[in-house]
Amino acid sequence: MAISVSGLVSGLDVDNIIQQLVELERRPIKLLENQEEIYNVKLSAYGTLRAALNTLASEVSSLKNSSSFEAYQASSSDESILTVSTTGTPLPGSHEITVNRLATSQKLQSAAFSSSTATIGTGTLRITVSSGTPVDIEITSTNNSLSGIAQAINEANAGVSAQVVNDGTGNYYLLLSANQTGASNTITIDIDEDGDGVFNEAPDEQDTTGLSALAYNSSVTNMTETQAAQDAELIFDGLTVYRSSNTFSDLIEGVEISLVSADSTKTVTISISRDIASVKAKLATFVEAYNGVVSAFQELQKYDAATGETGALFGDATTTMMRTRLQRVTTTQVTSLPAEVNSLAAIGIAFNEDGKLEVDDTRLTEVLQNYPDQVSTLFTDSTNGLMVKLDSTLDSFLNETDGAITSREDGIQESLDRIAKRKEVLEERISRYEERLRKQFNNLELILGQYQQTSDYLSRQIDLLTAIAKGGQKS
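- You'll find the protein chain entered in an unreviewed UniProt entry as Flagellar hook-associated protein 2, with Thermosulfuriphilus ammonigenes given as the organism.
- The record held by UniProt for the protein chain lists under Sequence similarities (unreviewed entry) the comment "Belongs to the FliD family."

What follows is the structure, encoded as structure tokens:
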């Protein structure tokens, strides 16, 4: 706890004197704080540079994979008939398709009932779709209404959807629809009206009342087929083909086709080509990320001769090294490739006067059209690919264990830690120094106070002796 010194006896501004003396002692701390500020600025600068390099590394990581250059696009000349999309790596070309008919699912309709809650009957419905496993659905007194049966069918996951529909005239119908299209996906409904485990026994199979009203099989058709199950029929490059679904990907490798409508009088052309626009967009993003790194370097290493202003990393050897290595990698030639495509500059991505990359769209489009595989090799070759080399270079900068930036950040942080410890030691020493000063000044005040008391006493004694002497003379 600091000792308060008033300076009442000496008349000195003791607090101000002590403050100035302490400030003189704090000069080493001020120097350390200046160093600390410089280190913090550099640490922040390296954080800015790391962020820019991380953005570039993300783009480079994508472009070093050949899949980035294997983008394809497919188009339909009439999307009201069919649509297409790519799912893999199809062969470029064109195909002609005529859709004669769409694939449909079988739909059945029951006879009319008076209400959705009308009691139908009890027993077991056995529903089979195509040659699949039969599903038995128990109908009891708790669910034997038209709506109850529809719900039981939907909950049974039998491959059939059910709903009750009112036609608007007071008639209610149970509608069934196979979940899958195709001629093979037909619905069979067998009935065990009595619940004895025997299906379609006489006279149930001829009965149109009770649960048997829903029978539909090879012997009994108490329900009405409103739509037949059929395969899609189309003419593909002159060949008639059939598919059980309206969406399929086994006709053209790497292309999914979705049929929308049928019109035997229209021929639709499917065109398949490399998606150059997609590749160009990826390269443009890479160029933007690279130029972001260049901008960071330029700002952090700037020097203004007129004002003497410098960037936070001006003259920094590590930053200069990274900048040089990046530029060297991006100007590398892959000698195994033709001269037309053996470097970034050759394909239309070159440095401008500002040290940033610019894209010649005409040239880039040309090489992507004429040398797509070679361009892919330029970027992705496992030994000499530019992105493979650039990825390795960036890792040597950014690696969290021994990367160049990591090492510099660690070194700066160690310096900051040393400064913090040194400041702590100096602060303790100055605190003790201030306390010592205050004690000394306090002692000075006490001594001066004692001197003052002695002086006052002597003055009184002299005054008394003087008064006595004067009194003796008068008498």
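That was the structure; now back to the text.
1. Focus on the overall build of the protein chain
Part 1 of the argument: Scanning the protein chain from terminus to terminus reveals nine helices and 17 strands.
Part 2 of the argument: Computed over C-alpha atoms, the radius of gyration of the protein chain comes to 47 Å, more than 25% over the 23 Å expected from 2.2 N^0.38 for 475 residues, which places it beyond the range of a compact globule.
Part 3 of the argument: Along the first, second and third principal axes, the C-alpha atoms of the protein chain reach 170 × 75 × 40 Å.
Part 4 of the argument: Burial status across the protein chain gives 38% buried among its 475 residues.
Part 5 of the argument: Partitioning the intrachain contacts of the protein chain with sequence separation of at least 6 by distance along the chain shows that 68% fall at a separation of at least 24.
Part 6 of the argument: One way to put it: in the protein chain the 34 positive side-chain charges average out to a point 23 Å from where the 64 negative ones average out.

2. A short note on the packing of aromatic side chains
Part 1 of the argument: Under the defined criterion, the tally for this structure stands at four aromatic pairs.
Part 2 of the argument: Arranged with centres 6.3 Å apart and planes meeting at 50°, the rings of F286 and Y290 form a pair that is tilted. Separated by four residues within a single helix, F286 and Y290 lie in helix α4 (residues 276-300), roughly one turn from each other.
Part 3 of the argument: With a relative accessible area of 0%, F286 lands in the buried category.
Part 4 of the argument: Pairing Y290 with F351 gives two aromatic rings, centres 5.9 Å apart and planes at 65°, and the pair type is edge-to-face. Within this pair, whereas Y290 is found in helix α4, its partner F351 is found in strand β16 (residues 349-351), the two being separated by 61 residues in sequence.
Part 5 of the argument: Overall, the relative accessible area of 3% leaves Y290 in the buried class.
Part 6 of the argument: Among the aromatic residues, those joined into a ring-pair cluster are F286, Y290 and F351.

3. Describing the domain arrangement of the protein chain
Part 1 of the argument: By domain assignment, the protein chain separates into domain 1 (1-71 + 276-452), domain 2 (72-102 + 231-274) and domain 3 (107-227).
Part 2 of the argument: Relative to domain 2, the C-alpha centre of domain 1 lies at a distance of 55 Å.

4. Examining the pattern of salt bridges
Part 1 of the argument: Counted by the stated rule, this structure contains 13 salt bridges.
Part 2 of the argument: For D391, the salt bridge identified is with K64, shortest N-O distance 3.0 Å. One end of the pair, D391, is in helix α8 (residues 386-398); the other, K64, is in the loop between α2 (27-63) and β1 (72-76), and 327 residues separate them in sequence.
Part 3 of the argument: Residue D391 is classed as partly exposed on the basis of its relative accessible area of 23%.
Part 4 of the argument: When salt bridges with common partners are traced through the structure, they connect R50, E400 and E409 into a single cluster.

Reading guide: rules and limits
- Residues numbered from 1 in each chain as written.
- Predicted model: local features only at pLDDT ≥ 70, side-chain atom pairs only at ≥ 80, totals over all residues.
- Heavy atoms only, no water.
- UniProt positions renumbered as here; feature names shortened; annotations may be inferred.
- Helix = DSSP H or I, 4+ residues; strand = E, 2+ residues; numbered from the N terminus.
- Rg over C-alpha atoms; globule rule 2.2 N^0.38 Å.
- Buried < 20%, exposed > 50% of the residue type's maximum accessible area, 1.4 Å probe, protein only.
- Contact = heavy atoms within 4.5 Å.
- Lys, Arg positive; Asp, Glu negative; His and termini not counted.
- Charge placed at Lys NZ, Arg CZ, Asp CG, Glu CD.
- Phe/Tyr/Trp six-rings, centres within 6.5 Å; stacked < 30°, edge-to-face > 60°.
- Domains from an automatic or database assignment.
- Salt bridge = Lys/Arg side-chain N within 4 Å of Asp/Glu carboxyl O.

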